[in-house]
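Fold and geometry: a report
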Amino acid sequence: SLFLTDSLMKDPVVMLGLFPEFPPEVLSSQSSCGEFLFLLDCSGSMGLPMGSQKRGRRRLECAKDVLQLLLRSLPVGCYFNVCMFGMEHKSVFPESVRYCQDTMDIAITMIQEMEANMKDTMILLPLWKIHNKPCLPAHPRQVFLLTDGGITWDSMRGTAFVKRNALS
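Attention here is on the structure that accompanies the text. (Residues numbered from 1 in each chain as written. Predicted model: local features only at pLDDT ≥ 70, side-chain atom pairs only at ≥ 80, totals over all residues. Heavy atoms only, no water.)

It is worth spelling out helix α4 (residues 124–132) at this point. Among all positions in α4, only Leu124, Pro126, Leu127 and Ile130 are buried. Looking straight down α4, one finds its buried side chains confined to an arc of 165 degrees; they lie on one side. (Buried < 20%, exposed > 50% of the residue type's maximum accessible area, 1.4 Å probe, protein only. Helix = DSSP H or I, 4+ residues; strand = E, 2+ residues; numbered from the N terminus. Arc of directions from axis to C-beta.)

The following block contains the structure:
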C-alpha cells in the first residue's frame with residue numbers, strides 16, 4: 001500500500017507498506033536464515049538535504065541510519081553484504097559473510113565512513129552482478145535498496161531488469 005500526505009513539518013511524506021509473499025519451501029525451512037544484500041545509493045544526490053529543507057539532514061545520513069538498524073536486526077547465522085553504488089560500485093566484503101558481531105562491526109564502521117561521492121545513480125551493474133551470482137544453498141536471497149529514487153536512464157533499465165528477473 002502507498003500513502004502520500006503532508007507532514008507536520010510541511011514536507012511531503014511517503015509511507016510504503018510492502019507485504020512480501022515467500023514460497024512455502026522458504027517458510028517451512030527451519031534451518032534457513034537467508035542472505036541479505038543491501039544496496040546503498042552513494043550518488044551525488046544522496047548528499048542533498050531531505051525534503052525542501054536547505055539545512056536538514058542529508059539523504060545519505062538517513063539511509064545510513066536505516067541500514068545500521070537493519071544490520072543490527074539480522075538473525076544470527078545468516079549471510080549478508082553491503083554494496084555502495086553510484087557511477088561505480090564496491091562492496092564491504094568480497095562475498096557475503098556470515099553475520100556475527102565482528103562482521104557487523106566491520107560493516108557498521110565502513111557504513112559510517114560512506115559519503116555521497118559516487119556521482120550518478122548507476123544501479124544496473126550491481127543488480128546484474130547480484131543476479132548472476134549463485135545463491136547460497138538453504139539461504140534465500142533478499143535484496144534491499146536504499147536510495148533517494150533519483151531517476152536516470154540506468155535506473156529505468158535497472159527497474160526493467162528486476163521486473164524481468166524477479167522470479168528467477
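From this point, the discussion proceeds with the structure in view.
Attention now goes to unusual backbone geometry. Look at Ala138: it is not a glycine, yet its phi comes out positive at around 65 degrees. Following the sequence through the fold, Ala138 ends up in the loop between α4 and β7 (141–146).

Core analysis: the biggest nonpolar cluster contains 25 residues, and Leu71, Phe80 and Val82 have the highest contact counts within it. Among residues more than four places away in sequence, those in contact with Val82 are Phe38, Leu67, Leu71, Lys90, Ser91, Val92, Ile111 and Met114. Within the second largest apolar cluster, nine residues are counted, among which are Phe85, Ile123, Leu127 and Ile130. (Core = buried A, V, L, I, M, F, W, Y, C linked by side-chain atoms within 4.5 Å. Contact = heavy atoms within 4.5 Å.)

What follows deals with the packing of aromatic side chains. Under the definition given, this model contains four aromatic pairs. Measuring from centroid to centroid gives 5.2 Å for Phe38 and Phe144, while their planes differ by 20 degrees, and the two rings are stacked. With a gap of 106 residues between them, Phe38 in strand β3 (residues 35–41) and Phe144 in strand β7 connect regions that are remote in the sequence. Pairing Phe80 with Phe93 gives two aromatic rings, centres 5.7 Å apart and planes at 85 degrees, and the pair type is edge-to-face. Of the two residues, Phe80 sits in strand β4 (residues 79–85) while Phe93 sits in the loop between β5 (89–91) and β6 (97–98), which places them 13 residues apart along the sequence. (Phe/Tyr/Trp six-rings, centres within 6.5 Å; stacked < 30°, edge-to-face > 60°.)

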